[in-house]
Amino acid sequence: MALLEQLIDALRVLPGVGQKTAQRMAYQLLERNRDGGKRLAQALEAAMQRVGHCERCRTFSEDPICVICASAGREPSQLCVLETPADQVAIEAATGYRGLYFVLLGRLSPLDGRGPRELGLDRLAERLAQGEVRELIIATSATVEGEATAHYLAQLARKHGVRASRLAHGVPLGGELEYIDRGTLAHAFGSRHAVESSDPTSSGASQ
Ligand code: ZN
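Residues numbered from 1 in each chain as written. Predicted model: local features only at pLDDT ≥ 70, side-chain atom pairs only at ≥ 80, totals over all residues. Heavy atoms only, no water.

## Some remarks on the overall build of the chain
Test applied: In this description a helix means any DSSP run of H or I spanning at least four residues, a strand means any run of E spanning at least two, and both kinds are numbered starting from the N terminus. With a 1.4 Å probe rolled over the protein chains alone, any residue whose accessible area is under 20% of its type maximum counts as buried; one over 50% counts as exposed, and the rest are partly exposed. Residue contacts follow a heavy-atom distance rule, with two residues in contact if any of their heavy atoms lie within 4.5 Å. A 1.4 Å probe and the Shrake-Rupley method give the accessible areas. Residues count as covered only by the protein chains that appear here.
A count of helical and extended segments in the chain gives eight helices and seven strands. Counting all 207 residues of the chain, 37% fall into the buried class. Within the chain, counting contacts between residues at least 6 apart in sequence, those at least 24 apart form 54% of the total. As displayed, the chain offers around 12200 Å² of accessible surface, 53% of which is attributable to carbon and sulfur atoms.

So, in structure tokens, the structure goes:
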């Protein structure tokens, strides 16, 4: 394959980029912005080589432990569980949350081969068993799979005697960040509610 064809083909890995757009991008870079193109190539190369996942929270990180997990200024008794690193960035930007995170990198979907192990939930269970976490803030999306994941997380929390809370419904987390404004997200985060227990004798849950 000619180099130009290879470039166009490679650009099509980007989300939402088809043949036409890839062609336009390739011509644009070659005609008008070779420096930008080289910078893009270097940034891609470096990021693909060196950005991994934090050993504690699974978000993207160049180091074994990410900046937030390594920070002494965060409150380790609160743990917010999210689907994507993008959701984490949104909550950091919109709220004054000072606790820690756990990023699932997806949501439970057994038919697609994403079970508890793929989402790192065995590691999350170990962490809850250590006793430091007192509130699990469940911020999975309001999709069917997101709700199923939330249910699983609430049960996991209950099993370890950890209080679970859920963001208000209607917040489109889960990679749909273009629909969120900061005020809405901050409000949903601030007014999160206790997750209803399936145990009818327990109290304190509100909707
Ligand atoms: Zn981390």
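## Concerning the coordination of the zinc ion
Test applied: Counted as donors are N, O and S atoms no farther than 2.8 Å from the metal, or 3.2 Å for Na, K and Ca; water is not among the atoms, and sites may therefore look incomplete. Labels for metal geometry use angle windows, namely 85 to 135 degrees for all angles of a four-donor tetrahedral site, and for square planar (four donors) or octahedral (six donors) sites opposite donors over 155 degrees apart plus all others within 65 to 115; sites meeting none of these are irregular.
Around the zinc ion, the protein contributes the donor atoms Cys54 (SG), Cys57 (SG), Cys66 (SG) and Cys69 (SG), at 2.3 Å from the metal centre. Every donor counted, the four donor atoms about the zinc ion form angles of 106 to 115° at the centre, which fits tetrahedral coordination. Positions of the donor residues of the zinc ion along the chain correspond to the pattern C-x2-C-x8-C-x2-C. In this pair, Cys54 sits in the loop between strand 1 (52–53) and strand 2 (60–61) while Cys66 sits in the loop between strand 2 and helix 4 (67–70), placing the two residues 12 residues apart along the sequence. For the pair formed by Cys54 and Cys66, the shared burial category is buried.

## Some points on the nonpolar core
Formally: Take the buried Ala, Val, Leu, Ile, Met, Phe, Trp, Tyr and Cys residues and link them wherever side-chain atoms come within 4.5 Å; each set so joined is a nonpolar core.
Ranked by internal contacts, the top residues of the largest apolar core, which has 39 residues, are Cys80, Ile91, Leu124, Leu136 and Leu153. Mapped by element, the contributors of at least two residues to this core are helix 4, strand 3 (75–82), helix 5 (85–94), strand 4 (99–103), helix 6 (121–129), strand 5 (135–138), helix 7 (144–159) and helix 8 (182–190). When residues of this core are assigned to their parent elements, the largest contribution, five residues, is made by helix 7. Setting aside residues up to four positions removed in sequence, Leu124 forms contacts with Leu79, Val81, Phe102, Leu136, Leu153 and Leu156. In this structure, Ile8, Val17, Ala22 and Ala26 belong to the second largest nonpolar core, which totals five residues.

## Concerning the sheet that holds strand 5
What counts, and what does not: Here, a strand pair is defined by DSSP locating no fewer than two bridges between the strands. Every axis corresponds to a line fitted to the C-alpha atoms, with the helix fit spanning only the stretch in contact, and the corresponding angles, defined between N-to-C directions, vary from 0 to 180 degrees.
A sheet is described by the order of its strands in space; here five strands give the open sequence 4-3-5-6-7, paired in mixed fashion. Strands with a single pairing partner mark the edges of an open sheet, and in this sheet they are strand 4 and strand 7 (193–194). Pairing geometry for strand 3 and strand 4, over five bridges, is parallel. Looking at the pairing, Glu75 lines up with Gly99 of strand 4. The strands that helix 6 touches are strand 3, strand 4 and strand 5; relative to strand 4, the one it contacts most, it runs at about 155°.

## Details of the packing of aromatic side chains
For clarity, the threshold we go by: Only Phe, Tyr and Trp rings are paired, with Trp represented by its six-membered ring, and only when their centres lie within 6.5 Å; those with planes under 30 degrees apart are stacked, over 60 edge-to-face, the remainder tilted. Sitting over a ring, as applied to charges here, requires NZ of Lys or CZ of Arg to be within 6 Å of the ring centre and within 35 degrees of the ring normal.
For the structure shown, the criterion picks out two aromatic pairs. Lying over the aromatic face of Phe189, Arg192 brings its terminal NZ or CZ to 5.0 Å of the ring centre.

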